[in-house]
Amino acid sequence: MNAVDIINKTKRKLQLTEDEMKYLVNGYTSGEIPDYQMSAWLMAVCLNGLTEEETVALTLAMRDSGDILDLSCIEKITVDKHSTGGVGDKTSMIIGPAAAAVCGVAVPKMSGRGLGHTGGTIDKLESISGYRVDVEFDEFADIVNKTGFSIISQSGQLCPADKKIYALRNSTGTVDSIPLICASIMSKKLALNADCLLLDVKWGSGAFMKTPEDAERLGALMEKVGNAAGKKCRAIITDMNTPLGCCIGNSLEIKEAVELLQGKVKGRLYDICIELTANMLELAGKGTISECTAMAKEAIASGKALEILKETIEMQGGDSRVCDDTSLLPQAKYSHVIYAPFDVEIVSVNAEELGMASLLLGAGRISKDEEIDYAAGIVLEFELGDKISMDAPLMTLYSDTVSDFSEAALRAYHAVGFRTLTEGALT
Ligand code: URA
């Protein structure tokens, strides 16, 4: 077996065997296969795709490149959720505690830091003073057994193959391939090894998948790979053309998650969180989808989910008082309000552009080691379809590090599509 033959097979759309896939993944992870050969193979995959069998083989070879967690020490049924990412997505901090509020369900999660517009879940959690994300496995399991929920950062021992391949994909224009995205996400999720897995596959301007059809394709493939690996796995497709909720940015998103768990936030974010939690509960065998929907709503309305978040933050060393008083989260030194130029109706919102504006304010990072500004971000004062009168605030931009808002404000302003209303339409 050699790498050139494998590249040629994929180039000619011939199916690789399981052994060839293992040879490629193990050879690249150990350094025997160089970047230039792996890059050529990845490009062949981008152009020609992989079969379902090949995608399963690639995913399992990547999963097996490192540790596979043994969650048998967790007494309850374990449910993990993965979102393919989007602007303003703070659902993990909401649905993890909400699902764990139901008897017999635990949500052990590992997440990553963000690269690009906004921070990842780990960056968001790190905006809570003292919150430890680098927790050893035994302590992680202990927290999950006590509170039902924990999120920590992904250990370097999980899926080293994905770490190396993803970095190469980022620098060779080979990220946007459905089988490669599937293998990358699913190898990490299968290495975490929860009993059930819910996949929130997003499509739209702020997501990897730009069309609902591509999101459906990715979701169906991930379900097949999950089921082939013996997991109860379901993908649901959600729209990410507009940001999720009104806050974008790390501490601002924690604030919104806490406020939702306090019962103060309704609308699209609440509805999506209920849908995701209900699906997690149904996968865990807790009832029909309508029974699970009622349990998800009750978990939030009763305050139990907020209590779980608070206990988890406390056990991970964080300042859990933020669950009662969100003003204890990092606050930005500088702010800038953008006002409606006329009486307008909001007809479109470009989530990706708002994400980019937020990056300019310091809420995200372009390279791996860049510092993040936890207080930076944007708070929107509208939802799609709202009518706003002239000179009323449209959004507020925040930053602790950038005092000149001109570039970010321009970008954020242009992310919103208006229809100008005729005089008197708002009176
Ligand atoms: N997220 C991942 O972890 N991998 C991908 O390939 C794309 C998104």
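Look up a bit, the structure's there.
Residues numbered from 1 in each chain as written. Predicted model: local features only at pLDDT ≥ 70, side-chain atom pairs only at ≥ 80, totals over all residues. Heavy atoms only, no water.

**Observations regarding the sheet that holds strand β9 (residues 377–380)**
Applicable threshold: Pairing between strands requires that DSSP locate at least two bridges from one strand to the other. Secondary structure elements are taken from DSSP: a helix is a run of H or I of four residues or more, a strand is a run of E of two residues or more, and numbering for both begins at the N terminus. In what follows, a contact means two residues having at least one pair of non-hydrogen atoms within 4.5 Å. Geometry is summarised by axes, namely lines fitted to C-alpha atoms with helices restricted to the contacting stretch, and by angles between N-to-C directions that run from 0 to 180 degrees.
On the basis of which strands lie adjacent, the open sheet formed by four strands has the order β6-β9-β11-β7 and antiparallel pairing. A strand with exactly one partner marks an edge of an open sheet, and here the two such strands are β6 (247–248) and β7 (334–339). Pairing analysis gives two bridges linking β6 to β9, with the strands arranged antiparallel. Of the residues in β9, the one forming a bridge with Cys247 is Val379. Strand contacts of helix α15 (residues 351–361): β6, β9 and β11 (393–399), with the helix running at about 135 degrees to β9, the strand carrying the most contacts.

**A look at the site of the ligand**
Convention followed: The criterion for a residue being near a molecule or strand is simple. One of its heavy atoms has to lie within 4 Å of it. Every accessible area reported is derived by Shrake-Rupley at a probe size of 1.4 Å, with residue values counting cover from the shown protein chains alone. Ten residue types, Ala, Val, Leu, Ile, Met, Phe, Trp, Tyr, Cys and Pro, are classed as nonpolar, four, Asp, Glu, Lys and Arg, as charged, and the remainder, Gly among them, as polar.
For the ligand, the full set of nearby residues is Tyr166, Arg169, Ile181, Ser184, Ile185, Lys188 and Phe208. Coverage of the ligand by the protein amounts to 90% of the 240 Å² it exposes when considered alone. Every element with two or more residues in the shell around the ligand is listed here: α8 (160–172) and α9 (178–192). Of the residues forming the shell around the ligand, the biggest block, four residues, is contributed by α9. Taken together, the residues of the shell around the ligand sort by class into four nonpolar, one polar and two charged.

**Here we look at the pairing of strand β3 (residues 149–153)**
Here is the rule we go by: When a residue's accessible area, from a 1.4 Å probe over protein chains only, is under 20% of the maximum for its type it is buried; when over 50% it is exposed; and in between it is partly exposed.
Most of β3 is tucked away: five of the five residues are buried. Side chains Phe149, Ile151 and Ser153 of β3 all project onto a buried face; the interleaved residues Ser150 and Ile152 project onto the opposite face, where all are buried too. Pairing between strand β2 (residues 105–111) and β3: five bridges, direction parallel. Bridged to Met110 within β3 is Ile152.

**Brief notes about the nonpolar core**
Rules: The definition of a nonpolar core used throughout is a set of buried Ala, Val, Leu, Ile, Met, Phe, Trp, Tyr and Cys residues joined through side-chain atoms within 4.5 Å.
In this structure, Ile94, Ile128 and Ile300 are the most contacted members of the largest nonpolar core, which totals 53 residues. No other element matches helix α12 (residues 268–283), which puts ten residues into this core. Those residues in contact with Ile300 that lie beyond four places of it in its chain are Ile94, Ala98, Leu260, Leu261, Tyr270 and Ile274. Within the second largest apolar cluster, 26 residues are counted, among which are Ile338, Ala340, Leu380 and Phe382.

**Overview of the pairing of strand β4 (residues 196–203)**
Inclusion rule: If you view a crossover with the strands going away from you and the path from the first strand over the helix to the second runs clockwise, you call it right-handed.
Burial analysis of β4 places eight of its eight residues in the buried class, which makes it a mostly covered element. Going residue by residue along β4, you find Cys196, Leu198, Asp200 and Lys202 tucked away on one face and Leu197, Leu199, Val201 and Trp203 tucked away on the opposite face as well. Note that strand β1 (residues 77–83) and β4 share five bridges and pair parallel. By the bridge assignment for β4, Ser83 is matched with Asp200. In this sheet, strand β5 (residues 232–239) lies alongside β4 in parallel orientation, the contact comprising eight bridges. When the sheet's bridge partners are listed, Trp203 is paired in β5 with Asp239. Handedness of the β4-helix α10 (residues 212–228)-β5 crossover: right-handed.

The values reported here are purely geometric and, on their own, carry no functional implication.
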